[in-house]
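The lines below spell out each chain.
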Amino acid sequence: EPEVTQTPSHQVTQMGQEVILRCVPISNHLYFYWYRQILGQKVEFLVSFYNNEISEKSEIFDDQFSVERPDGSNFTLKIRSTKLEDSAMYFCASSVGQESPLHFGNGTRLTVT
Amino acid sequence: SQKIEQNSEALNIQEGKTATLTCNYTNYSPAYLQWYRQDPGRGPVFLLLIRENEKEKRKERLKVTFDTTLKQSLFHITASQPADSATYLCALRGGSYIPTFGRGTSLIVHP
């Protein structure tokens, strides 16, 4: 069964550094998402992407965050200047359509020191 | 404000029994409600979707009910097994198509 893949599985970075988290969504899916989960807390929506542009974003997704689909297969989340509170598990997801279930990757654990 | 409430206490049951998990919501008029399973360190995995005009949905040992008057969904696992131990998340789509997740309830099935 096709799956969403995320790399790296674990990223450690120093405060203030830029990180790029990478995702390869399922190939025939049209909608792409980033969610995050701080340890022990709920899965929170960050941003959705459709037709090569952001379709929705949450309050968490401020100017430090950006997303890109550079080549038709990868979907990336960039955090420009990481903060300690950015430490979390970041999940990429994709869906065929707006009303379709989400397929999640297994996440990138980001640790900011 | 909008809320999705799931019991934060873990549900402990014996193998073979039926597990029932609850999802309550306020200030949503969801067109859909979804249930996902999340194992430690892994991404959520979709289980079932139920629409606002459906009262009940079944898939193998899983059953979901949706009561829009009570603003509640119940998720049942019959003949539970230790392998069913995980956190179960409900997710709502309201006016936006973006699913919003509850905190989840941890289910522990004892052999």
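Look a little higher up for the structure.
Below or above, wherever it landed, is the structure these notes cover. What you are looking at is a predicted structure, and each value in this text was computed from that prediction instead of being measured.

The subject of this paragraph is the sheet that holds strand β7 (residues 65–68) of chain A. Where strands meet in a sheet, backbone hydrogen bonds hold them as pairs that are either parallel or antiparallel. Residues and elements named next belong to chain A. A sheet is described by the order of its strands in space; here four strands give the open sequence β1-β3-β8-β7, paired in antiparallel fashion. Two strands bound the open sheet, and with one partner strand each, they are β1 (5–7) and β7. If you compare each strand with its neighbour and ignore which way they point, the axes differ by 20° on average. With four bridges connecting them, β7 and strand β8 (residues 75–79) associate as antiparallel partners. Bridging across to β8, E68 finds its partner in T76.

Residue and element names in this part refer to chain A. Summed over the entire model, instances satisfying the criterion amount to 19 aromatic pairs over all chains. Plain terms: the ring middles of Y31 and Y50 are 4.3 Å apart, the flat faces sit at 10° to each other, and that makes the pair stacked. With Y31 in strand β4 (residues 31–37) and Y50 in strand β5 (residues 44–50), this residue pair connects regions lying 19 residues apart in the sequence. You can call Y31 buried: its relative accessible area is 8%. Given the relative accessible area of 32%, Y50 is considered partly exposed. On the basis of an interplanar angle of 90° and a centroid distance of 6.3 Å, the ring pair of F91 and F104 is categorised as edge-to-face. Placement of F91 in strand β9 (residues 88–95) and of F104 in strand β10 (residues 103–104) is noted, with a sequence separation of 13 residues between them. For the pair shown, F91 and F104 are each scored as buried.

This part covers the interface of chain B and chain A. Counting residues at the interface gives 19 residues for chain B, matched by 22 residues for chain A. Per-residue buried area on chain B facing chain A is highest for B:Y97, B:I98 and B:F101; these three make up 33% of the total on that side. Connecting chain B to chain A are zero salt bridges. In this assembly, chain B and chain A are joined by 11 residue pairs in polar contact (both at pLDDT 80 or more). At the level of elements, β4 (32–38), β5 (45–51) and β9 (86–93) of chain B are the ones that each hand at least two residues to the side of chain B that touches chain A. Broken down by class, the residue content of the side of chain B that touches chain A amounts to 10 nonpolar, six polar and three charged.

Residues and elements named next belong to chain A. Looking at chain direction, β5 and strand β6 (residues 53–57) are connected through four bridges and run antiparallel. Bridge pairing in β6 links Y50 to E53. Between β5 and β6, which follow one another and run antiparallel, lie two residues, and N51 among them has a positive phi close to 55°.

Cut-off values and rules
Residues numbered from 1 in each chain as written. Chains lettered and ligands numbered in written order. Predicted model: local features only at pLDDT ≥ 70, side-chain atom pairs only at ≥ 80, totals over all residues. Heavy atoms only, no water. Pairing = 2+ DSSP bridges. Helix = DSSP H or I, 4+ residues; strand = E, 2+ residues; numbered from the N terminus. Axes fitted to C-alpha atoms, helices over the stretch in contact; angles between N-to-C directions. Phe/Tyr/Trp six-rings, centres within 6.5 Å; stacked < 30°, edge-to-face > 60°. Buried < 20%, exposed > 50% of the residue type's maximum accessible area, 1.4 Å probe, protein only. Contact = heavy atoms within 4.5 Å. Buried area = accessible area lost by both parts, 1.4 Å probe. Salt bridge = Lys/Arg side-chain N within 4 Å of Asp/Glu carboxyl O. Polar contact = N/O pair within 3.5 Å; in protein donor to acceptor, adjacent residues only side chain to side chain. Nonpolar A, V, L, I, M, F, W, Y, C, P; charged D, E, K, R; others polar.

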